[in-house]
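Residue-level structural notes
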Amino acid sequence: MPATLEPIDLKILGALQKDGRLTNQALSSEVGLSTSPCWRRVRQLEETGVIQGYAAALDRRQIGLGVLAFIRVKIDSHSEAEAEEFSRDVLKLSEVVACYSIAGDADFLLQVVAADLDSYADFAMAVVRRLPRIKEMQTTFVLKEIKPFKGFPLDVGQR
């Protein structure tokens, strides 16, 4: 069940999505709340799992990951056990930066990074293609990132 968020919580979340390194004092100033209540709200958001952690946003190209691709995967069976086994196998692959179970003409969507096309090809053919129960896989390469993920919209449903 989704957490019940008040407008001040949304302000806090928006500020922290933009800059997770804000001090409590800077955060409280930005959202218009005194430091103690601000700190308590952040702690509550962390404890309830709304805030799941803090991380640095990296430019993949600057760290040598020039290829971004999506792989649509169909597996042989639609049994829950086989889907869970596939999921466990994918969790072990560092090149897979996100994986989603999807509806439609495929079962999973993998977001994958690689240094270059040759590295991607090696990974796709030697690792992904050899995962058990893969029936079909199709790759879509990202040519240009128009709007990369920067955080969740906090105003959806508020309009």
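From a predicted model like this one, the values you see are computed outputs, not experimental measurements. (Residues numbered from 1 in each chain as written. Predicted model: local features only at pLDDT ≥ 70, side-chain atom pairs only at ≥ 80, totals over all residues. Heavy atoms only, no water.)

**Re the UniProt feature "domain: HTH asnC-type" (unreviewed entry) in the protein chain**
Per the UniProt record, "domain: HTH asnC-type" (unreviewed entry) is found at residues 5–66. Helix makes up 53% of residues 5–66 and strand 0%, with an end-to-end C-alpha separation of 38 Å. (UniProt positions renumbered as here; feature names shortened; annotations may be inferred. Helix = DSSP H or I, 4+ residues; strand = E, 2+ residues; numbered from the N terminus.)

**Describing the nonpolar core**
By size, the foremost hydrophobic cluster in this structure holds 20 residues, and its most contacted members are Ile71, Val73, Phe86, Val96, Leu110, Val112 and Tyr120. When contributions to this core are tallied by element, the ones reaching two or more residues are strand S1 (67–75), helix H4 (80–91), strand S3 (108–114), helix H5 (117–128) and strand S4 (134–141). The leading source of residues in this core is S1, at five residues. Sequence-distant contacts of Val112, that is, excluding residues within four places in its chain, are made with Val67, Leu68, Ala69, Ile71, Glu95, Val96, Tyr120 and Phe123. Membership of the second largest hydrophobic core comes to 11 residues, among which are Ile8, Ile12, Leu16 and Leu27. (Core = buried A, V, L, I, M, F, W, Y, C linked by side-chain atoms within 4.5 Å. Buried < 20%, exposed > 50% of the residue type's maximum accessible area, 1.4 Å probe, protein only. Contact = heavy atoms within 4.5 Å.)

**Some points on the packing of aromatic side chains**
The full count for this structure, using the stated rule, is three aromatic pairs. Look at Phe86 and Phe108: their rings are 4.5 Å apart centre to centre, the planes differ by 35 degrees, and that puts the pair in the tilted class. With Phe86 in helix H4 and Phe108 in strand S3, the pair connects residues that are 22 residues apart, well separated along the chain. For the pair shown, Phe86 and Phe108 are each scored as buried. (Phe/Tyr/Trp six-rings, centres within 6.5 Å; stacked < 30°, edge-to-face > 60°.)

**Observations concerning the pairing of S3**
In regular strands, side chains alternate between the two faces of the sheet. The buried count for S3 comes to five of seven residues, which makes it a mostly enclosed element. In terms of strand pairing, S1 meets S3 through seven bridges, oriented antiparallel. Across the sheet, the residue bridging to Phe70 is Gln111, located in S3. Where strand S2 (residues 96–101) folds back onto S3 in an antiparallel hairpin, the turn is made up of six residues, including Gly104, whose phi is positive at roughly 120 degrees. (Pairing = 2+ DSSP bridges.)

**As for the sheet that holds S2**
The four strands lie next to each other as S2-S3-S1-S4, forming an open sheet whose pairing is antiparallel. Of all the strands in the sheet, just S2 and S4 have a single pairing partner and so form its edges. Between one strand and the next, the sheet's axes are offset by a mean angle of 20 degrees, whatever the strand orientation. (Axes fitted to C-alpha atoms, helices over the stretch in contact; angles between N-to-C directions.)

**Some remarks on the pattern of salt bridges**
Enumeration over the complete set of coordinates arrives at 11 salt bridges. Where Glu85 meets Arg133, a salt bridge forms, and the shortest distance between an N and an O atom there is 3.3 Å. Highlighted residues: Glu85 in helix H4 and Arg133 in the loop between H5 and S4, separated in sequence by 48 residues. Residue class for Glu85 comes out partly exposed when judged on its relative accessible area of 32%. One connected set of salt bridges, linked through shared partners, spans Asp59, Arg60, Arg61 and Glu145. (Salt bridge = Lys/Arg side-chain N within 4 Å of Asp/Glu carboxyl O.)

**A look at the domain arrangement of the protein chain**
Taken domain by domain, the protein chain consists of domain 1 (7–48) and domain 2 (60–141). Distance from the C-alpha centre of domain 1 to the C-alpha centre of domain 2: 36 Å. (Domains from an automatic or database assignment.)

**Looking at the packing of helix H1 (residues 7–18) against helix H3 (residues 35–47)**
Across the interface, H1 lies against H3 with an axial gap of 11 Å and an inter-helix angle of 80 degrees. With respect to H3, the element H1 is oriented roughly perpendicular. Between H1 and H3, the residues in contact are Ile8, Asp9, Ile12, Leu13 and Leu16 and Cys38, Arg41, Val42 and Leu45, respectively. Residue composition of the contact of H1 with H3, by class: seven nonpolar, no polar and two charged. (Parallel < 35°, antiparallel > 145°, perpendicular 65-115°, else oblique. Nonpolar A, V, L, I, M, F, W, Y, C, P; charged D, E, K, R; others polar.)

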